[in-house]
Amino acid sequence: MDDRMLDSLHLEVTLKPMIALGASQPFAWQAVATASRGRSFSAAAAALPPELRISLEARRITLAVERAVAAGLLRSDALLAVPVGAAGGKTEPLLSHLFRTALAHRFPVDRLVVEVSADERGDRDSAAALIKACMARGLSVALDAFAAGPVALNLLARFTPRFVKLDGTLVRRIDASASRRPIVEGVMRLARGMGVTVVATGVETRGELEALAALGLCHVQGDWTAEPAVRTLTNPALLRREPRATVPQHRRLAHHHRASLPLRTTCQVAQLAL
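Along every chain, residues carry numbers that run from 1 in the direction the sequence is written. This being a predicted model, a pLDDT of at least 70 is required before a residue's local features are given, and a value of 80 or more before pairs of side-chain atoms are given or counted; all residues contribute to the totals for chains, interfaces and linings. Side-chain descriptors were evaluated using all non-hydrogen atoms of the structure, hydrogens and water having been removed beforehand.

> Mind showing me how you'd approach the packing of helix 5 (residues 124–136) against helix 6 (residues 150–158) here?
Any two packed helices are characterised by how steeply their axes cross, that is the angle between the axes, and by the distance between the axes. Lines fitted to C-alpha atoms define the axes, with helix axes restricted to the stretch in contact, and inter-axis angles between N-to-C directions lie between 0 and 180 degrees. Labels follow the DSSP assignment, with helices taken as runs of H or I lasting at least four residues and strands as runs of E lasting at least two, numbered in each case from the N terminus. Between helix 5 and helix 6, the least distance of the axes is 11 Å, while the angle of their chain directions is 30°. Comparing their axes, helix 6 and helix 5 come out roughly parallel. For helix 5 against helix 6, the interelement crossing comes out right-handed. Contacts between helix 5 and helix 6 involve Arg-124, Ala-127, Ala-128 and Ile-131 from the former and Val-151, Asn-154, Leu-155 and Arg-158 from the latter. Working rule for angles: under 35 degrees goes down as roughly parallel, over 145 as roughly antiparallel, 65 to 115 as roughly perpendicular, anything else as oblique. Rotating anticlockwise by less than a right angle from the far helix to the near helix defines a left-handed crossing, while the corresponding clockwise rotation defines a right-handed one. Throughout, a contact is declared for two residues whenever any of their heavy atoms are within 4.5 Å.

So this is what it looks like as structure tokens:
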């Protein structure tokens, strides 16, 4: 009965590229799960009994790794960002499942990034417990849906993630908003001082891209990047490894044992067509 209920959700995973401006290929892909009739993963999970939600989380993890392998991600050195739900106190079983799934598909564990939601509506203590468990296992962490609210700032004060992913509400029309720019600039200063890479999500227009670049933000995720990036992912000839620049790591990241990300010091906006 439980399996039939989960099967009825028709969970699917798509890969969304994250791009460093000026690079020839994405540096990471986010595994985004949706259910039947276009429902979000969170909406599908909320409709399930609590005892089934961990099974749905495990299925999302499995599908994320399987989708990445099927898409040819093993031929590149890009990262795979896998969202993991923090609620429910099932941190250890889910992370163990992530490790087992990655090993079963020969996906390098050091290329996994666990995305933890920093949404103000979430459970801060559960999110903190998940981040702590990830770091204890040497897994990289991305704070997703980061909107500079109390929950997000508290998590950033307690931990040093590999990435901070700005919520789309901060990015949207930032070129025309006098209030959003100083908020993003403040997050950039804080993150830069901690050795954290900031990624802007939901970028849709050239104006937004240029405003972000002017603030020194060179890592973006948006639907307009998907088509050319998917062509790169599915063409083996384009999936060549590029030399990785050496970048200083914050002292609190030493235990992650991870490879450096090729960061750009300038944003070459003209090389990305919207």
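Resuming the write-up.
> Please explain the pattern of salt bridges as it appears in this structure.
Between side chains of opposite charge, a pair can form when the charged atoms approach closely. A pair is scored as a salt bridge if a Lys or Arg side-chain nitrogen falls within 4 Å of a carboxyl oxygen belonging to Asp or Glu. All told, the structure shown has four salt bridges when counted by the stated rule. Linking Glu-57 and Arg-60 is a salt bridge whose minimum nitrogen-to-oxygen distance equals 2.9 Å. One end of the pair is Glu-57 and the other is Arg-60, both in helix 3 (residues 50–70) and three residues apart, which spans about a single turn. The same class applies to Glu-57 as to Arg-60, namely buried. Exposure is judged per residue with a 1.4 Å probe applied to protein chains only, and the accessible area is read against the type maximum: over 50% gives exposed, under 20% gives buried, and values in between give partly exposed.

> Which parts of the structure should I look at to understand the sheet that holds strand 6 (residues 163–166)?
One closed barrel holds the eight strands; their spatial order is 1-2-3-4-5-6-7-8, and the pairing between them is mixed. Each strand axis lies, on average, 30° off the axis of its neighbour in the sheet, ignoring direction. Of the pairings in the sheet, the one linking strand 5 (residues 140–146) to strand 6 comprises three bridges and is parallel in character. Residue pairing across strands places Leu-143 opposite Val-164, the latter belonging to strand 6. Along the sheet face, helix 5 touches strand 4 (112–117) and strand 5 and points at about 165° away from the line of strand 4. Each pair of strands is called paired provided DSSP finds at least two bridges between the two strands.

> I tried to follow the packing of helix 4 (residues 91–104) against helix 5 on my own but got confused; where do I start?
For the pair helix 4 and helix 5, interaxial distance at closest approach is 10 Å and the crossing angle is 40°. Here helix 4 is positioned oblique relative to helix 5, judged by the angle of their axes. Relative to helix 5, helix 4 is oriented so that their crossing is right-handed. Where helix 4 approaches helix 5, its residues Thr-91, Glu-92 and Leu-95 are matched on the opposing element by Ala-129, Leu-130, Ala-133 and Cys-134. By the convention adopted, Pro, Cys, Tyr, Trp, Phe, Met, Ile, Leu, Val and Ala count as nonpolar, Lys, Arg, Asp and Glu as charged, and the other residues, Gly among them, as polar. Here the contact of helix 4 with helix 5 is composed, by residue class, of five nonpolar, one polar and one charged.

> Is there a simple way to explain helix 6 in this structure?
Every α-helix carries 3.6 residues per turn, so stepping three or four residues along brings you back to the same face. Looking at helix 6, one finds that the buried residues are Val-151, Ala-152, Leu-155 and Leu-156. Considered in projection along helix 6, the buried side chains sweep an arc of 130° and stay on one side of the axis. Within helix 6, the exposed residues directed more than 90 degrees away from the buried face are Pro-150 and Ala-157. Looking at the buried positions of helix 6, the neighbouring elements they touch are strand 4, helix 5, strand 5, strand 6 and helix 8 (180–194). Here, the arc refers to the directions that run from the helix axis to the C-beta atoms.

> It is not clear to me how empty space enclosed by the protein should be interpreted in this structure. Could you clarify?
Rolling a probe over the atoms, with the probe sized like a water molecule, indicates the empty space that remains. Residues are said to line a cavity or pocket when one of their atoms sits within 4 Å of a point; the points come from a 1 Å grid over protein atoms alone, cavities being sets where a 1.4 Å probe fits but cannot get out and pockets being open sets with protein on both sides within 12 Å along at least five of seven lines. Grid points are joined across faces, edges and corners, and a volume is the space filled by probe spheres set on the points. A complete count under the given rule lists two cavities of 30 Å³ or more for this structure. Computed from the structure, the second largest cavity encloses a volume of approximately 40 Å³. As for the second largest cavity, its lining consists of Met-18, Ala-28, Ala-81, Val-113, Glu-115, Ala-142, Phe-163 and Lys-165. Of all elements in the fold, only strand 4 and strand 6 reach the threshold of two or more residues within the lining of the second largest cavity. Taken together, the residues of the lining of the second largest cavity break down into six nonpolar, no polar and two charged.

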